[in-house]
Every structure is written in C-alpha cells, then in structure tokens.
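# Breakdown of the fold
Here's the letter readout for the chains.
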Amino acid sequence: QVRLVESGGGLVQPGGSLRLSCAASGSIFSIKDMSWYRQAQGKERELVASISDGGITNYADSVKGRFTISRDYAKNTVYLQMSSLKPEDTAVYYCHMWVFPSFVWGQGTQVTVSS
C-alpha cells in the first residue's frame, strides 16, 4: 500500500512564501505524474500544478509565475514552491500521484494567507 505524506503548510502573510512537500512511501514500483491540487472552502478541488515523469510542468493560470513544482526522483517526493502568496491562495492543498497501478491522494495540508 502506498501512502502520501504532505508537509509545509501553515499561515503566511500576503506576499510571503511557503514550500510544500509530499513524499510517497510503501510499495512503490513506478511513479508517473505528480500533481498538486487545492480546495478552498465552498469551492471545488482544482489542479494547481503538475509534473510528468519526464519533467514537463503545467500550471493553472492563477499561479503561473508565482508557483514552481519540482520532484526528487530518488526520494519519491514532489515539491511546490509558492511565492507572492495572495489571500485567494488560501486552501487545503493535496498532492496526487500515479503510483503503479493506481492514483493516490495525500491527506491535505492547510495553507492560509492572511495578515
């Protein structure tokens, strides 16, 4: 069984930065795409950023130029560096991976952007 453990969330002031991490553990044979989603209160979960096993990245328009997704293949870990944070970035952030033979979700980590 595969488990995803996220860390790095918290409270930050507008304009600040945070780095989220998500590490996969367990019976890992192969990991393909890694992604970060977020869900704000009262809203649907949305894709924030993704990175393929070849390193191709994709971002939501709302975070382009402010967020950077990266991965460490040796550590089975995906990161989300978030800068110039805005109050509208407040949400629970979830990592999502395709870990052979299925998709797996993390438990979520709260990010709150407020003064």
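Please refer to the structure placed before this passage.
Residue numbers restart at each chain and count upward from 1, following the sequence in its written direction. Given that the model is predicted, a residue must reach a pLDDT of at least 70 before its local features are reported, and side-chain atom pairs must reach 80 or more before they are shown or counted; all residues, however, enter totals for whole chains, interfaces and linings. Only hydrogens and water are set aside when side-chain values are computed; all heavy atoms of the structure are taken into account.

The next point concerns the overall build of the protein chain. For helices the rule is a DSSP run of H or I covering at least 4 residues; for strands it is a run of E covering at least 2, with both sets numbered from the N terminus onward. In terms of helices and strands, the protein chain carries 0 helices and 11 strands. Overall, the protein chain shows an N-to-C arrangement of helices and strands of β-β-β-β-β-β-β-β-β-β-β. With C-alpha atoms as the basis for the radius of gyration, the globule rule is written as 2.2 Å multiplied by the number of residues raised to the power 0.38. The C-alpha atoms of the protein chain give 14 Å as radius of gyration, which agrees with the globular expectation for 115 residues (13 Å, within 12%). For the protein chain, the proportion of its 115 residues judged to be buried stands at 43%. Sequence separation of at least 24 residues holds for 51% of the intrachain contacts in the protein chain that already meet a minimum separation of 6. About 6300 Å² of surface is accessible on the protein chain, with carbon and sulfur atoms providing 48% of the total. His is not counted, nor are the chain ends, whereas Lys and Arg count as positive and Asp and Glu as negative. Note that the charge is assigned to NZ on lysines, CZ on arginines, CG on aspartates and CD on glutamates. One way to put it: in the protein chain the 11 positive side-chain charges average out to a point 4 Å from where the 9 negative ones average out. Partly exposed residues are those whose accessible area sits between 20% and 50% of the maximum for their type, while under 20% is buried and over 50% is exposed, using a 1.4 Å probe and protein chains only. Every residue pair with non-hydrogen atoms within 4.5 Å of one another is taken to be in contact. Only the protein chains shown count as cover for residues, and all accessible areas are computed by the Shrake-Rupley method using a 1.4 Å probe.

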